[in-house]
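Descriptive analysis of the structure
Each chain, written out:
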Amino acid sequence: MSFRKALAAGSLAFVLAGCNITNQYYEDVEGVGKQIVADWKELPEVVNAEYEYRHGLDQGQVLYVDAIVRDESAKASVEQLEEIARRDYWRGTWQNVSVHVAVFSEVKPPVTGPTGPDNAISRKRIELDDPDALAQKYGPRPTKK
């Protein structure tokens with residue numbers, strides 16, 4: 001067997017052996033999305049909340065978290081919802097995740113389908129800019145196991 005054939009066979013065996021490096025699913029990251037949605041749904045101004053967890057070698061760890069709020073409280077709710085997302089992200093995982101929060105009004109909910117206007121009142125990527133301040137505010141962040 002030539003070197004190339006051996007290398008190809010070894011590579012194929014690696015992929016078929018279930019080493020699945022492209023999957024990269026992490027339960028704690030999924031838990032962050034679930035926690036944010038659960039905490040948001042407890043707020044009286046939140047009509048609905050959902051998350052989507054995308055993961056893989058090509059995109060890393062990404063959470064998209066959307067809330068639909070009552071129209072009269074739409075703009076006032078944005079900062080509170082972002083703060084809850086920041087807190088739950090900080091407390092939920094040691095991993096660096098791309099967390100995207102979108103807030104919609106129930107009068108102009110998200111558009112379903114591949115095209116249409118973006119009705120979001122706010123879209124923001126949640127950053128963990130100041131770890132010391134976040135630790136002081138929310139307690140210690142989980143560490144890698």
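Relevant structure appears above.
Throughout, a residue's number is its position along its own chain's written sequence, starting from 1. Confidence filtering applies because this is a predicted model: local features only for residues at pLDDT of at least 70, side-chain atom pairs given and counted only at 80 or more, and all residues used for totals across whole chains, interfaces and linings. In computing side-chain values, all of the structure's heavy atoms are included and hydrogens and water are not.

Along its length, the protein chain carries 4 helices and 4 strands. Secondary structure of the protein chain in N-to-C order comes out as α-α-β-β-α-β-β-α. The proportion of buried residues among the 145 residues of the protein chain is 34%. We call two residues in contact whenever any of their non-hydrogen atoms come within 4.5 Å of each other. In the protein chain, the share of contacts with a sequence separation of at least 24, taken over all contacts with a separation of at least 6, comes to 67%. Only the protein chains shown count as cover for residues, with accessible areas throughout obtained via the Shrake-Rupley method and a probe of 1.4 Å. Just so you have it, the protein chain exposes about 9,300 Å², and 52% of that area is on carbon and sulfur atoms. Runs of H or I in DSSP of at least four residues are treated as helices and runs of E of at least two as strands, each being numbered from the N terminus. A 1.4 Å probe rolled over the protein chains alone gives each residue an accessible area, and that area as a share of the maximum for its type sets the label: buried under 20%, exposed over 50%, partly exposed in between.

Attention now moves to the pattern of salt bridges. Whenever a carboxyl oxygen of Asp or Glu lies within 4 Å of a side-chain nitrogen of Lys or Arg, that contact is scored as a salt bridge. Throughout the structure, instances matching the rule amount to 8 salt bridges. In this structure, Arg54 and Glu52 form a salt bridge, with 2.9 Å as the shortest nitrogen-oxygen distance. Judged by its relative accessible area of 38%, Glu52 falls in the partly exposed class. Residue Asp88 is joined to Arg87 by a salt bridge in which the shortest nitrogen-to-oxygen separation is 3.1 Å. With relative accessibility at 6%, the residue Asp88 sits in the buried group. Salt bridges sharing partners connect three or more residues here, namely Asp39, Arg87 and Asp88.

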